[in-house]
Amino acid sequence: MASKMFKGGEVFSGRGEGLHPPTDFNSPEAGGEAHERNISRRVEGEYSREQPVVTAYVLRHGETTKDKLDPMRGLTEKGAEQVDEAAERLISELDSSSDIIQIMDSGNHRANVTVMRIAEKLKEAGFKFFEPIKTDKGGNVVEPGVKTKEDPNSRSYKKIGAANFTKEIKMKLSDPALHAELGIPDSIPDKRIDTWFAAEWGEGAEKPAEVVDRVKQGMQETQKKLPMVAGQLSPEQRIVVIAAVNASVVEPIVTDYSGVPPVDRGGEVENAEGFKVDFEVDKDPKVVVWGKDIENKIGDE
């Protein structure tokens, strides 16, 4: 699979939201002799890991019911199947003995329903979920040690929120006359994303490039915390963020990564597909597309 490095580094952090890194995962209580060995190796500069400190999967929500202007619309039967397929693949890629899961969403109902469905599948497969570390006003840890929990819950994160559109812009995105004017192919069933990329917008519409900048800012926030996170995890352990978002988040990043806009890919990224980001200390985040359909369209070059 092709990959691209975001220059300058740059998914999810911020005070009070996003990724809250473990504070003392390798405490004597948690690791005993392994803790002492890890501390010694870090002091001697020999501490290394073979996998990322954090891996984030950012996926579109599953297919939803027809009224696209209804913010509370849920998943269709097909949408539930798409989400279940994504969950099965995640389970096959992850390791319940070493991966600590954090669940996130873009802040709307359909994304929350999607990611919580995935989370329940992960729970059934034996995965544990990350409990944010409590700190005081000075940033000092109140309760040392990583806490995990059996039951998942999702945290919304503004950096991966849907693109901001006024109601008027949302209506224009669905306007057949504008689709025809822009030459959006009839073969593309849902033309809203292609219209967003192709048209010129004034105020009232967040642009694709602005969404890219916003998501990369979130990546930068996570990147800054990696040294502290890495120092607290054993080489085998990793935090895995699984986030469900809207197409208006996935498409700008996939287009920025691939250089191929959605209209040239035959339409938007399929539901329950998206991209994956690996975060390592002293390296730029590595982004690859994730999902059977998009991987087939954007393969190794």
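Criteria and thresholds
Residues numbered from 1 in each chain as written. Predicted model: local features only at pLDDT ≥ 70, side-chain atom pairs only at ≥ 80, totals over all residues. Heavy atoms only, no water. Helix = DSSP H or I, 4+ residues; strand = E, 2+ residues; numbered from the N terminus. Buried < 20%, exposed > 50% of the residue type's maximum accessible area, 1.4 Å probe, protein only. Areas by Shrake-Rupley, 256 points an atom, 1.4 Å probe, with all protein chains shown as cover. Contact = heavy atoms within 4.5 Å. Polar contact = N/O pair within 3.5 Å; in protein donor to acceptor, adjacent residues only side chain to side chain. Expected span 1.5 Å × (residues − 1). Bend = angle between axes of the 7 residues up to and from the residue. Pairing = 2+ DSSP bridges. Phe/Tyr/Trp six-rings, centres within 6.5 Å; stacked < 30°, edge-to-face > 60°. Axes fitted to C-alpha atoms, helices over the stretch in contact; angles between N-to-C directions. Parallel < 35°, antiparallel > 145°, perpendicular 65-115°, else oblique. Nonpolar A, V, L, I, M, F, W, Y, C, P; charged D, E, K, R; others polar. Salt bridge = Lys/Arg side-chain N within 4 Å of Asp/Glu carboxyl O. Patch = residues over 30% accessible without salt bridge, like charges linked within 9 Å, V, L, I, M, F, W, Y side chains within 5 Å. Lys, Arg positive; Asp, Glu negative; His and termini not counted. Charge placed at Lys NZ, Arg CZ, Asp CG, Glu CD.

Undergrad: Looking at this model, I keep getting lost on the overall build of the chain. Mind explaining?
TA: Tallying secondary structure elements over the chain gives 10 helices and 9 strands in all. A burial count over the chain gives 50% of its 301 residues as buried. Accessible area of the chain: about 14500 Å², with a carbon and sulfur share of 47%.

Undergrad: Before we go on, may I ask you to explain the environment of Asp 278 in this structure?
TA: Position of Asp 278 among the secondary structure elements: in strand 8 (residues 274-279). Taking relative accessible area as the criterion, Asp 278 reaches 13% and is therefore assigned buried. The spacing of Asp 278 and Pro 52 is 226 residues in sequence and 5.8 Å in space, taken between C-alpha atoms. Residues within four places of Asp 278 in sequence aside, it is in contact with Pro 52, Val 54, Thr 55, Pro 285 and Lys 286. A distance of 2.8 Å separates the side chain of Asp 278 from the side chain of Thr 55, its partner in a polar contact.

Undergrad: Explain helix 8 (residues 208-230) here, please?
TA: Residue pairs three or four apart in sequence face the same way in an α-helix, which turns once every 3.6 residues. In this model helix 8 runs 33 Å from its N-terminal to its C-terminal C-alpha over 23 residues, within 8% of the 33 Å that 1.5 Å per residue would give. At Lys 224, helix 8 is bent by approximately 35 degrees, the largest bend along its length, and proline Pro 227 sits one to four residues beyond.

Undergrad: Help me understand helix 3 (residues 77-93) in this model?
TA: The end-to-end C-alpha separation of helix 3 is 25 Å, in line with the 24 Å expected for 17 residues at 1.5 Å each. All buried positions along helix 3 are accounted for by Gly 79, Ala 80, Gln 82, Val 83, Asp 84, Ala 86, Ala 87 and Leu 90. Residues of helix 3 that are buried make contact with strand 2 (54-60), helix 4 (109-124), strand 7 (238-245) and strand 9 (286-290).

Undergrad: Would you mind going over the environment of Arg 60 with me for this structure?
TA: Among the secondary structure elements, Arg 60 is positioned in strand 2. What Arg 60 contacts, discounting residues up to four positions off in sequence, is Thr 114, Val 245, Asn 246, Ala 247, Val 250, Glu 268, Val 269, Glu 270, Asn 271, Ala 272 and Glu 273. In this structure the side chain of Arg 60 is engaged in a polar contact, spanning 3.2 Å, whose partner is the side chain of Glu 268. Among the polar contacts listed, one links the side chain of Arg 60 to the backbone oxygen of Val 269, at a separation of 2.5 Å.

Undergrad: Can you walk me through the pairing of strand 8 in this structure?
TA: Look at any regular strand and the pattern is simple: side chains alternate between the two faces of the sheet. For strand 8, the tally of buried residues reaches 6 of 6 residues, placing the bulk of the element in the interior. Counting the residues in the hairpin turn of strand 8 and strand 9 gives 6 residues, including Asp 282, whose phi is positive at 65 degrees.

Undergrad: Sorry, what's going on with the packing of aromatic side chains here?
TA: In this structure the tally under the stated criterion is 3 aromatic pairs. Consider the rings of Phe 165 and Trp 196, whose centres lie 5.5 Å apart with planes at 85 degrees: the pair is edge-to-face. Taken together, the residues Phe 165 in the loop between strand 6 (154-156) and helix 5 (167-173) and Trp 196 in helix 7 (residues 192-198) connect sequence positions 31 residues apart. Judged by centre distance (5.4 Å) and plane angle (80 degrees), the ring pair of Trp 196 and Phe 197 falls under edge-to-face.

Undergrad: What's the story with the pairing of strand 9 in this structure? I'm lost.
TA: Taking burial as the measure, the 5 residues of strand 9 include 4 buried ones, the bulk of the element. Relative to strand 9, strand 8 runs antiparallel, the two being bridged by 5 bridges. Residue pairing in the sheet places Val 277 in a bridge with Val 287 of strand 9.

Undergrad: How do you make sense of the packing of helix 8 against helix 9 (residues 247-258) when you look at a structure like this?
TA: Helix-helix packing is described using two parameters, namely the angle between the two axes and the distance between the axes. With their axes 9 Å apart at the nearest point, helix 8 and helix 9 run at an angle of 90 degrees to one another. With respect to each other, helix 8 and helix 9 are oriented roughly perpendicular. Listed contacts from helix 9 to Pro 208, Val 211, Val 212, Val 215 and Lys 216 of helix 8 are Ser 248, Val 249, Pro 252, Ile 253 and Asp 256. Among the residues forming the contact of helix 8 with helix 9, the class breakdown is 7 nonpolar, 1 polar and 2 charged.

Undergrad: Just to check I follow, could you spell out the pattern of salt bridges for this structure?
TA: A complete count under the given rule lists 15 salt bridges for this structure. Ionic pairing is found between Glu 150 and Lys 128, a salt bridge with its closest N-O pair at 3.9 Å. Placement of the pair is Glu 150 in the loop between strand 5 (147-149) and strand 6 and Lys 128 in strand 4 (residues 128-131), with a sequence separation of 22 residues. By relative accessible area, Glu 150 is classed as partly exposed at 47%.

Undergrad: Whenever I open this one, unusual backbone geometry confuses me. Can you help?
TA: Working note: non-glycine residues mostly have negative phi, and peptide bonds are mostly trans. For Ala 272, which is not a glycine, the phi torsion comes out positive at approximately 65 degrees. With respect to the secondary-structure elements, Ala 272 resides in the loop between helix 9 and strand 8. Despite not being glycine, Asp 282 shows a phi value in the positive range, around 65 degrees.

Undergrad: What should I look at first to understand a negative patch on the surface in this one?
TA: A contiguous patch of negative charge on the surface is contributed by Glu 77, Glu 81, Glu 85 and Glu 88. Looking at the element boundaries, Glu 85 is found in helix 3.

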